[in-house]
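Chain and residue survey
One letter stands for each residue in the lines below.
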Amino acid sequence: MIPELGHFCLAMAVAIACAQGVVGIAGPTLRDPRALAAAPVLTLLHFTAILLSFLALVWAGVVSDFTVENIADFSSSATPLLYRITGVWGNHDGSILLWCLILSLCGAAVAVGGRQLPASLRARVLGVLGLVSCGFLLFTLAVSDPFTRIWPPPANGAGMNPILQDPGLAFHPPVLYTGYVGFSVAFAFAIAALIEGRIDAAWGRWVRPWALLSWCFLTGGITLGSWWSYYTLGWGGFWFWDPVENAALLPWLTGTALLHCAIVVEKREALKAWTVLLAIATFSLSLSGTFLVRSGILNSVHSFAAAPDQGLFILVLLAITIGGSLLLFAVRAPVLAASGIYAPISRESALILNNIFLCAIAAVVFTGTLYPPFADLLFGIQLSVGAPFFNQTVLPLAGPIILAMGVGPMLPWKRADLLPVLQRLWLAGAVAVLVFISLAATRHLIAALGLAGGAWVIMSALTDLAGRIRLFRGPPGQALTRLFSLPRASIGAALGHIGFGVSVIGIAAMTLATQKVIVLQPGQSTELGGYSWTLKDIHDAPGPNYSQRVADVVVSNHGRTVMTLHPSRRFFTAQHTITSDAAIRTNGFQDVYAVFADEHDGGAELRLNRHPGAPEIWFGGLIMALGGFCSLSDRRLRVGAPFRKRVPGGRAAV
C-alpha cells in the first residue's frame, strides 16, 4: 500500500509542477496578484508531494519490500540498514527520484527564502523550476518508475552493488546532486531575467548566493566522490579523467566562472550577457552529465545501465531545455548591454581572464570526453583519449589561472596600477620561486611547478588578508580586531583561494608517489618509498554480509615498526562478487596505502603505494567549500538586496 501511495504522490507532483510552471510564467504577464501568490504555494505543495513519494521508496527499502522491483534488484535482507536506505539512490530509478526531490527542494527554498524578491521575478523563477521539474517527473513516471511491482516477489533481493556498500555513498550522491541541481536556480534566474528583459546589480545580488550555495555543494560532492573512489576502488589514485568524473568537473568549471561573473554584475553591472550565458551553460552541463551517465554512451565504472528509451527521453528533455534557453538568449541578448566601463588592467579584466581560461579548460575536457564516443557512433572510428591528453592540455591552461588568482583579488575595480600590486606580492613570489628551485634540482619539473603554483596562491591570499587587517603595522590586538570585523565574504574568498592552492599542492605532490605490485609469501619483505613492507600473515575474518581474507602487512623504518596495515579481499555471497578493501594510514601529509589484490599459492599479491601530499587534495576541497559557506554567512549575501532603480516612467522595474 505504501508504494502505491508513493506512486500516487509522484503522479500528483507532475500535475502540481505543471501548474506551478504555467502559473509562474503566465502570472506576471497577466498581472494577476492571485497568480503571483499561488506560485510559492504550488511550489511548496510540489516539494511535499515528492518528499512523500521519496519517503515511501525509502520505507520500502527499509522493510525489504521485494514486491517493488527496484528494492528486489538493489537490496537484500542481509544488507545492513544503512545500505538499505542509501541503496534507494544507488541505482538509476532511485537516483532520478532523488534528483527530482532536490530540484523541488530548490524551488521550495526560493519560495520561502526569496520573499525579498520582486513578486513577478520570484513567480517566473518558480515557474521555470516547475517546468524543469515537470520534465524530469514525466521521465520518472514514463520510463523510470521506481515503484514498479513484481509478482511473485523473490525470497531475497539481489543485493546492493558491493562497491557501493560504503558510508561514502550515504553522503556523496546527495551532496553532488545538490550541487548539480542547485544550479537550476541560477538557470531559472537567468531565464526569468531574459523574459523580463532586465539584468542589473540587484539581479546579480539575488543570484549570487544561489550560485555560491550550489558551487559549495558541487565542490564538496566532487571532493567526497574523489576520496570515496580513492579508498574504496583500490586504484591508488584520486582522479583518472574517467568520463563521468569529467561530467562532474564541467559544471564546476563553468559554475566557478559564473560565480565570479555574478560579482562583476553586482559591483559594476558589466558582463551581463556572459553571466546569463554561463548560468545556462552550467545547468545545461549538469543535465548533460545526467544524460551521459544514463544513456550508455560513456563506458565508466560510475555509469548506470539504462534502457534506450531512457537515454532518448533525457536527450529530448536536454534538447528542449538547452535549445529553448539558448533561443531565448539569442532573442533577448540586445537588452543585456553592459553599462560598466573598465580599463584593461583592473579587477574586472582579471576576472575575465580567469573565466576565459576556465571555459577553455571546460571546452578541452568536453571535447576529449565526448569526441571519442561520438566518433565511434557516427563514423565507426575507434579513438582512445586518456589521462595523458587531459594532463597535457589542461595543465598549460591552468597556469594563467593560478597567476591571476594571486594578482586579481588585490586589483581595484575599474582601473588599476599593476606595479604596486606586484610589489605587495614580493614575498609570495619569493616563496614560490624558492619552492620551484628546491624541487627543480631533483628534476621533478611538473611537481616543482605545481607546488610553486600552490604556494603562490596560498601566500597571495594570505598577503591580501594581511594587508586588509594591516598586519605588522600596529599592535597584534588591533590586527586581530580588524580580522573579525572583515566582511565574511572577503574571508570566505580568501579561504576559497587557499583551499584551491592546498589542492594544487596535493595534486602536484602525488606526481612523486611511488608504487609497486608484488607477490609476497608470509614472512617475506620488500622495500618501497623508504619503508620496509613485510607480509606477516593471511587469515579469515567475518563481515556483516560478506566473508573476507585479510593480509597483515607490517611497515617499518630502519627496523622500527611504524604501522600495521590490514588490506582485505571481501566475498559477497548474495552477489558472488569479490572486492578489495584498501588499507590506508595517513599522517595528514602523506598516505601509506596497501591493497590485497589476489592470492597465489598461499601468498598475497599486494599493490603497495606511498602517496606524499594525498590528504591535501581533499583538505583543499573541503577548505574551498568551507570558504563558500563562510561567504554565505555574510549578512550582505542573505538579506538586504539592493532595490532596483526606477525606470523612466516612474514605475519600479520588477
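Anything mentioned here points back to the structure above.
Conventions adopted
- Residue indices follow the written sequence of each chain, beginning from 1 at its first position.
- The predicted origin of the model limits local features to residues at a pLDDT of at least 70 and limits the giving and counting of side-chain atom pairs to 80 or more, whereas totals for whole chains, interfaces and linings rest on all residues.
- Based on all heavy atoms of the structure, the side-chain values leave hydrogens and waters out of the count.
- Each helix is a run of H or I in the DSSP string that is no shorter than four residues. Each strand is a run of E no shorter than two, and both are numbered from the N terminus.
- Here, expected helix span is obtained from the residue count minus one, scaled by 1.5 Å.
- One axis fitted to the seven residues ending at a residue, another fitted to the seven starting there: the angle between these axes is the bend at that residue.
- The buried label goes to any residue with under 20% of its type's maximum accessible area, the exposed label to any with over 50%, and the partly exposed label to all in between, with areas taken from a 1.4 Å probe on protein chains only.
- A 3.5 Å cut-off defines polar contacts: any pair of N or O atoms within that distance qualifies, except that in protein one atom must be a possible hydrogen donor and the other a possible acceptor, and neighbouring residues in sequence count only when both atoms are side-chain atoms.
- Residues count as neighbours in contact if any of their non-hydrogen atoms are within 4.5 Å of one another.
- We define a salt bridge as a contact between a side-chain nitrogen of Lys or Arg and a carboxyl oxygen of Asp or Glu at a distance within 4 Å.
- Only strands that DSSP links by at least two bridges are regarded as paired with each other.
- Fitted lines through C-alpha atoms serve as axes, helices being fitted only where they are in contact, and the angles separating the N-to-C directions of these axes extend from 0 to 180 degrees.
- Take the buried Ala, Val, Leu, Ile, Met, Phe, Trp, Tyr and Cys residues and link them wherever side-chain atoms come within 4.5 Å; each set so joined is a nonpolar core.

Some remarks on helix H13 (residues 387-407)
The terminal C-alpha atoms of H13 lie 30 Å apart, and with 21 residues this matches the ideal 30 Å at 1.5 Å per residue to within 8%. Of all the bends in H13, the greatest reaches close to 30 degrees and is centred on leucine 395; the proline proline 396 follows between one and four positions later. Turning to H13, its buried residues number three or more, namely Phe390, Val394, Leu397, Ile401, Ile402, Ala404, Met405, Gly406 and Val407.

Focus: the side chain of serine 532
Counting through the fold element by element, serine 532 comes out in strand S3 (residues 531-542). Within the local environment of serine 532, its side chain forms a polar contact with the side chain of glutamate 527, the two groups lying 3.3 Å apart. When neighbours within four sequence positions are excluded, serine 532 is seen to be in contact with Ser525, Thr526, Glu527, Val554, Val555 and Ser556.

Quick word on the pattern of salt bridges
Scanning the entire structure with this criterion turns up 13 salt bridges. Between arginine 468 and aspartate 464 there is a salt bridge whose closest N-O contact spans 3.5 Å. Of this pair, arginine 468 and aspartate 464 both sit in helix H16 (residues 445-468), separated by four residues, roughly a single helical turn. For aspartate 464, a relative accessible area of 12% corresponds to the buried category.

Overview of the sheet that holds strand S9 (residues 590-600)
If you trace the four strands from one edge of the open sheet to the other, you get S1-S10-S9-S8, paired in antiparallel fashion. Strands at the two margins of the open sheet, each flanked by one partner only, are strand S1 (514-520) and strand S8 (583-586). The sheet shows a mean angle of 15 degrees between the axes of neighbouring strands, taken without regard to direction. The sheet strands contacting helix H8 (residues 201-232) are S8, S9 and strand S10 (603-612), and the helix crosses S9 at an angle near 45 degrees.

Notes on the nonpolar core
Within the largest apolar cluster, 147 residues are counted, with the highest numbers of intra-cluster contacts made by Phe189, Trp203 and Val276. Looking at which element gives the most residues to this core, the answer is helix H7 (residues 168-196), with 16 residues. Each residue touching phenylalanine 189, except ones within four places of it in the same chain, is listed here: Leu117, Leu121, Val125, Trp203, Trp206, Val207 and Trp210. Within the second largest apolar cluster, 18 residues are counted, among which are Trp533, Leu535, Leu565 and Phe596.

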